[in-house]
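One letter stands for each residue in the lines below.
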Amino acid sequence: MSSTVETATEIRPFHLEIPEEQIDDLRRRIAATRWPSKELVADRSQGVQLATLQSLARYWATDYDWRKGEAKLNALPQFTTEIDGVEIHFIHVKSPHENALPLIMTHGWPGSVMELLEAVGPLTDPTAHGGTAEDAFDLVLPSLPGYGFSGEPEELGWNVGRIAQTWAELMRRLGYTRYVAQGGDVGAAVTDAMGRQAHEGLLGIHMNLLVTVLSGAPLPEEAEEERAARDAINTFRESGYGYFLEQATRPQTIGYALLDSPVALAAWMLDHDTDAYYKISSAFVDGKPSGNLTRDHILDNITLYWLTGTGASAARSYWENGQAAAAAQATGQAPPPVSLPVGFTTFPGEIWRTPRSWVEAGYPNVTYFNEAERGGHFAAWEEPELFSAEVRAAFRSLR
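Residues numbered from 1 in each chain as written. Predicted model: local features only at pLDDT ≥ 70, side-chain atom pairs only at ≥ 80, totals over all residues. Heavy atoms only, no water.

Trainee: Could you give me a rundown of the packing of aromatic side chains, with the residues and numbers involved?
Mentor: Tallied over the entire structure, the rule returns 16 aromatic pairs. Seen in terms of ring centroids, tyrosine 243 and tyrosine 318 are 6.3 Å apart; in terms of plane orientation they differ by 70°. Their pairing is edge-to-face. Here tyrosine 318 lies in helix 13 (residues 311-331) and tyrosine 243 lies in helix 8 (residues 242-249), a separation of 75 residues in the sequence. Of the two residues, tyrosine 243 and tyrosine 318, both sit in the buried class. Among the aromatic residues, ring-to-ring pairing joins Trp109, Phe236, Tyr241, Tyr243, Phe244 and Tyr318 into one connected group. (Phe/Tyr/Trp six-rings, centres within 6.5 Å; stacked < 30°, edge-to-face > 60°. Helix = DSSP H or I, 4+ residues; strand = E, 2+ residues; numbered from the N terminus. Buried < 20%, exposed > 50% of the residue type's maximum accessible area, 1.4 Å probe, protein only.)

Trainee: I'd love a proper account of the packing of helix 2 (residues 50-62) against helix 12 (residues 295-308), names of residues and values included.
Mentor: At their nearest, the axes of helix 2 and helix 12 sit 11 Å apart, and the two run at 80° to each other. Relative to helix 12, helix 2 is oriented roughly perpendicular. Mapping the contact onto sequence places Leu56, Tyr59 and Trp60 in helix 2 and Arg295, Asp296, Leu299, Ile302 and Thr303 in helix 12. Class assignment for the residues of the contact of helix 2 with helix 12 results in five nonpolar, one polar and two charged. (Axes fitted to C-alpha atoms, helices over the stretch in contact; angles between N-to-C directions. Parallel < 35°, antiparallel > 145°, perpendicular 65-115°, else oblique. Contact = heavy atoms within 4.5 Å. Nonpolar A, V, L, I, M, F, W, Y, C, P; charged D, E, K, R; others polar.)

Trainee: Please set out unusual backbone geometry residue by residue, giving values where relevant.
Mentor: Residue proline 110 is bonded to the preceding tryptophan 109 through a cis peptide linkage, with omega at 5°. For proline 110, the position within the fold is in the loop between strand 4 (101-106) and helix 4 (120-124). Phi is positive for asparagine 99, which is not a glycine, with a value near 60°. The residue asparagine 99 is located in the loop between strand 3 (86-93) and strand 4 in this model. In this structure asparagine 99 comes out as exposed when scored by relative accessible area, which is 74%. Of note, aspartate 185 is a non-glycine position whose phi angle comes to about 55°, a positive value.

Trainee: Kindly report on the sheet that holds strand 4, identifying the contributing residues and their values.
Mentor: Strand order across the open sheet formed by nine strands is 1-2-3-5-4-6-7-8-9, with mixed pairing between neighbours. Edge positions in the sheet fall to strand 1 (12-13) and strand 9 (366-371), since each of these pairs with one other strand and no more. (Pairing = 2+ DSSP bridges.)

Trainee: I'd like a description of helix 13, backed by residues and values.
Mentor: Between its terminal C-alpha atoms helix 13 stretches 32 Å, which fits the 30 Å expected from 21 residues at 1.5 Å a residue. Taken as a whole, helix 13 has its buried residues at Gly311, Ala312, Ser313, Ala314, Ala315, Ser317, Tyr318 and Glu320. On the buried face of helix 13, the contacting elements are helix 6 (186-197), helix 8, helix 9 (251-260) and helix 12. Where helix 13 ends, the next residue or the one after it, glycine 332, has phi of about 75°, a positive value. (Expected span 1.5 Å × (residues − 1).)

Trainee: With reference to specific residues and values, describe the pattern of salt bridges.
Mentor: Inspection of the entire model under this criterion finds 24 salt bridges. When the shortest N-O distance is used, the salt bridge between arginine 67 and glutamate 70 registers 3.0 Å. Pair noted here: arginine 67 and glutamate 70 are both in helix 3 (residues 66-74), with a separation of three residues, about one helical turn. Here glutamate 70 falls in the buried class, since its relative accessible area comes to 7%. Among the ionic pairs, glutamate 155 bridges to arginine 162, the shortest N-O distance being 2.5 Å. Judged by its relative accessible area of 15%, arginine 162 is buried. (Salt bridge = Lys/Arg side-chain N within 4 Å of Asp/Glu carboxyl O.)

Trainee: Just give me the short version of the pairing of strand 8 (residues 342-346), but keep the residues and values in it.
Mentor: Of all five residues making up strand 8, five are buried, and the element is well covered by its neighbours. Judged by which residues are buried, strand 8 turns out to be covered on both faces: Val342, Phe344 and Thr346 on one side and Gly343 and Thr345 on the other are all buried. Pairing of strand 7 (residues 202-207) with strand 8 involves three bridges; the strand directions are parallel. Following the sheet pairing, isoleucine 205 is matched in strand 8 by valine 342. Pairing of strand 8 with strand 9 involves five bridges; the strand directions are parallel. Across the sheet, residue threonine 345 finds its bridge partner in strand 9, namely asparagine 370.

Trainee: Before we move on, could you go through helix 9 and cite the residues and values that matter?
Mentor: Structurally, the α-helix is built with 3.6 residues per turn, so residues lying three or four positions apart point the same way. Those residues of helix 9 lying buried are Pro251, Ile254, Gly255 and Leu258. Mapping the buried residues of helix 9 onto a view down its axis gives an arc of 115°, with all of them on the same face. In helix 9, the exposed positions angled more than 90 degrees off the buried face are occupied by Tyr256 and Asp260. In this fold, the buried residues of helix 9 make contact with helix 8, helix 10 (262-270), helix 12 and helix 13. (Arc of directions from axis to C-beta.)

This is the structure we're talking about:
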């Protein structure tokens, strides 16, 4: 796939090998942590609990093996290519089945491609996971700019709209003339932007977070499930919005801690949503993982951020998106509608359970909607088999 003459559009194989001294430095920094006193409440209302983070740090410094996570990445075909001045890292797994549908799937924050790895098998080889060959995908998993092994943008303007254009170029560069897109969290915003841009070849999109809610557009709130969703969003904005506000307004400030202290990085990444926090806490404190949210998988993701030094650059993506949203709002113009087929799955542990009426209010062509029985904000990570079945179902009509 690589050309013999190096050009800006060349696709280059990528292999990861972190020097051992970086692992040793990580362990030294964990051991040197200055701990605060214990929180004065019995829950997470003051932030990440001391017992949770000390349990995580002990395991991280003594029992966790990064080389296993590194091997999982290196077992998959990885590549980099420069698009719009930024080096983009991506995993590209072709299905063993003929006529597989190309799918580009985008992670979020505080995730990475690590959170999607367990879905690779079910999506590319469904016959080995209870599905049929007709449901197979060729899978492209890019790392967002400034996250993981993708390059850090050196200029302003890298919001989700620009990333959506970059993903369209990546699929074109890979030779795909028809494909679908999926995303959750920040990845849902990228996927939404792809749907609005409607680049040639994009057949439809699927998301598991309703980003149109964040625009402030009026939504129906008459049914019980609609009122429950609004209450959950209000609770999030009142008590769970700290990371969002800091990254959207002062990413550089928090970035110093994220690059200097691995324990500060871990705390910042754990302090996301209540459902995920307690599941992760249980994995470390009680030894009871929820689905695939095991201690090793959680630390694979955190360690990736640490070793790549991308805590600050990932945080800046929220600032970029906030600036773009403010500029768009100032114009008074509504974003272009999504006319492509839209699939949506709401998971019970998500920050809010999205009613179908809210999805239809934001997208005129909802071709698939389902309320999953398990899973939360990190659905692909926590419940990869169930998540993959949802993706297969959402795009089945587009094949």
